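Below are the chains, spelled out letter by letter.
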Amino acid sequence: MITTKLPRPGRGPHPAHPHAVGPNAPHTPLRPMWCCRADGQPWPCAEARLLLRAEFDRNLAGLTIYLAGLMYEAIRDLYHLNPHDGPEPKALFDRFVGWTRRGRNAGRDVIGE
Ligand SMILES: [Zn+2]
């Protein structure tokens, strides 16, 4: 039988956006988007920060050096993904390294004060 009725298209493939995969997923970065593998938040998420803080207990310099290396990798990935409207360098510094500062000036930019 010949018909002029076209088949109705399906819903298409499932979107492959980052999404939470359950409570057992590690809070590690999903590259190249640098979002958390477990909760989809920008990495390092709050849980990852707690875990990093515990892992690098009494080694703030080591934590800062480790995160600075990851920040470098993230800058390369994120600007490659979005070269015209990527995150500002200061925002990435605050996200990756700035939160590690302790004491009175933690989280504030003290340059020029
Ligand atoms: Zn997370």
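Residues numbered from 1 in each chain as written. Predicted model: local features only at pLDDT ≥ 70, side-chain atom pairs only at ≥ 80, totals over all residues.

By the naming in an unreviewed UniProt entry, the chain is Flavin reductase, taken from Micromonospora craterilacus.

A. Spatial organisation of the overall build of the chain. Looking only at helices and strands, the chain features 3 helices and 2 strands. Ordered by position from N to C terminus, the α and β elements of the chain give β-β-α-α-α. Long-range contacts, defined as pairs at least 24 residues apart, comprise 30% of the intrachain contacts of the chain with a sequence gap of at least 6. (Helix = DSSP H or I, 4+ residues; strand = E, 2+ residues; numbered from the N terminus. Contact = placed C-beta atoms within 7 Å.)

B. The environment of His-27, seen in detail. Relative to the helices and strands, His-27 resides in the segment before β1 (29-30). Residue classification places His-27 among the partly exposed residues on the basis of 19 C-beta atoms within 10 Å. With residues up to four places along the chain from it excluded, the contact list for His-27 reads Cys-36, Arg-37, Ala-38, Cys-45, Glu-47, Ala-48 and Leu-51. (Buried ≥ 20, exposed ≤ 12 C-beta atoms within 10 Å, placed from the backbone.)

C. Structural view of the nonpolar core. In terms of nonpolar packing, the biggest core is built from 8 residues, these being Trp-34, Cys-36, Ala-38, Trp-43, Leu-67, Ala-74, Leu-92 and Phe-96. Those residues within four positions of Leu-67 in sequence are excluded, and the remaining contacts are Phe-96, Val-97 and Thr-100. (Core = buried A, V, L, I, M, F, W, Y, C linked by C-beta atoms within 7 Å.)

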